[in-house]
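Each chain is listed here by its residues.
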Amino acid sequence: MSTLEIYEKLRKVLDEKIAIEIAEAIEKGLEYYEKMVTKEEFGELKEAVLRLTKAQEKTEEKLNELAEAQKRTEERLGKLEEKMAELAEAQKRTEERLTKLEE
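Structural notes, computed from the coordinates. Just so you know, these numbers come straight off a predicted model, no measurement behind them.

## Re the overall build of the protein chain
Step number 1: When you go through the protein chain residue by residue, the secondary structure sums to three helices and zero strands.
Step number 2: In the protein chain, the order of α-helices and β-strands from amino to carboxyl end is α-α-α.
Step number 3: Here the protein chain has a C-alpha radius of gyration of 40 Å; the compact-globule value for 103 residues is 13 Å, and the former is much larger.
Step number 4: By its C-alpha atoms, the protein chain is 125 × 25 × 15 Å across when sized along the principal axes.
Step number 5: Burial statistics for the protein chain: of 103 residues in total, 5% are counted as buried.
Step number 6: As displayed, the protein chain offers around 9900 Å² of accessible surface, 57% of which is attributable to carbon and sulfur atoms.
Step number 7: The protein chain carries 21 positive and 28 negative side-chain charges, and their two centres are separated by 4 Å.

Here you go:
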């Protein structure tokens, strides 16, 4: 129902100024009511927030797992670098021995 329709109904039984004031107050009340969240909508929002919270927890858990895996990978890479350096040194010594043998 529009403000004009409300005004026209009120005007039949009330003074014009009073009818206008009441119609405007009803319009503002209806606008406020239309902006309100229903219990159903609020329940849906709560469910959505709960699902998002659970998803966030899973994401954080997976992120922690990835961080641990990254840490292990870095440790293994460090050991591999050490072994490579040892192999390079052993290769250098082997080449030096071969050079001496060739002389």
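## Remarks on the packing of helix α1 (residues 3–11) against helix α2 (residues 16–35)
Step number 1: One way to put it is that α1 packs onto α2 with a least axis distance of 8 Å and a crossing angle of 145°. Seen from above, α1 lies across α2 with right-handed handedness. Residues Thr-3, Ile-6, Tyr-7, Leu-10 and Arg-11 of α1 form the contact with α2, whose participating residues are Glu-16, Ala-19, Ile-20, Ile-22, Ala-23, Ile-26, Glu-27 and Leu-30.

## Brief notes about the nonpolar core
Step number 1: Among the nonpolar cores identified, the biggest contains five residues, and these are Ile-6, Tyr-7, Leu-10, Ala-19 and Ala-23.
Step number 2: If we ignore the near neighbours within four places in the chain, the residues touching Ala-19 are Tyr-7, Leu-10 and Arg-11.

## Looking at a nonpolar patch on the surface
Step number 1: On the surface, Ile-18, Ile-22, Ile-26 and Leu-30 cluster together into a nonpolar patch covering about 280 Å² of accessible area.
Step number 2: Residue placement: Ile-22 occurs in helix α2.

## Regarding the pattern of salt bridges
Step number 1: Applying the stated criterion across every chain yields a total of two salt bridges.
Step number 2: Here Lys-62 and Glu-65 are joined by a salt bridge, their closest N and O atoms 3.7 Å apart. Pair noted here: Lys-62 and Glu-65 are both in helix α3 (residues 39–102), with a separation of three residues, about one helical turn.
Step number 3: Classification of Glu-65 as partly exposed rests on a relative accessible area of 40%.
Step number 4: When the shortest N-O distance is used, the salt bridge between Lys-83 and Glu-86 registers 3.8 Å. Placement of the pair is Lys-83 and Glu-86 together in helix α3, with a separation of three residues, close to one helical turn.

So, how was this worked out
- Each residue is numbered by its place in its chain's sequence as written, counting from 1.
- Owing to the predicted nature of the model, reporting of local features is limited to residues with pLDDT of at least 70; listing and counting of side-chain atom pairs is limited to 80 or more, with chain, interface and lining totals taken over all residues.
- Side-chain measures were taken over the full set of non-hydrogen atoms in the model, leaving aside hydrogen atoms and water.
- In this text, helices come from DSSP runs of H or I with a minimum length of four residues, and strands from runs of E with a minimum of two, each type numbered from the N-terminal end.
- Radius of gyration: C-alpha atoms only; globule rule: 2.2 Å multiplied by the number of residues to the exponent 0.38.
- Under the scheme applied here, a residue whose accessible area is under 20% of the maximum for its type counts as buried, over 50% as exposed, and between as partly exposed, the area being computed with a 1.4 Å probe on protein chains only.
- Exposure was quantified through the Shrake-Rupley algorithm and a 1.4 Å probe, taking into account, for residues, occlusion by the shown protein chains and nothing else.
- When charges are counted, Lys and Arg contribute as positive and Asp and Glu as negative, whereas His and the chain ends are disregarded.
- Every charge is mapped to an atom, namely NZ of Lys, CZ of Arg, CG of Asp or CD of Glu.
- Angular values range over 0 to 180 degrees, each being the angle between N-to-C directions of two axes fitted as lines to C-alpha atoms, with helices fitted over their stretch in contact.
- Put simply, a crossing is left-handed when the front helix is turned counterclockwise from the back one by less than a right angle, and right-handed when it is turned clockwise.
- Here, two residues are considered to be in contact whenever any of their heavy atoms come within 4.5 Å of each other.
- As used here, the term nonpolar core means buried Ala, Val, Leu, Ile, Met, Phe, Trp, Tyr and Cys residues forming a set that is joined through side-chain atoms within 4.5 Å.
- Residues form patches when they are more than 30% accessible in relative terms and have no salt bridge. Like charges link within 9 Å. Nonpolar side chains (Val, Leu, Ile, Met, Phe, Trp, Tyr) link within 5 Å.
- The rule for a salt bridge is simple: a side-chain nitrogen of Lys or Arg has to be within 4 Å of a carboxyl oxygen of Asp or Glu.

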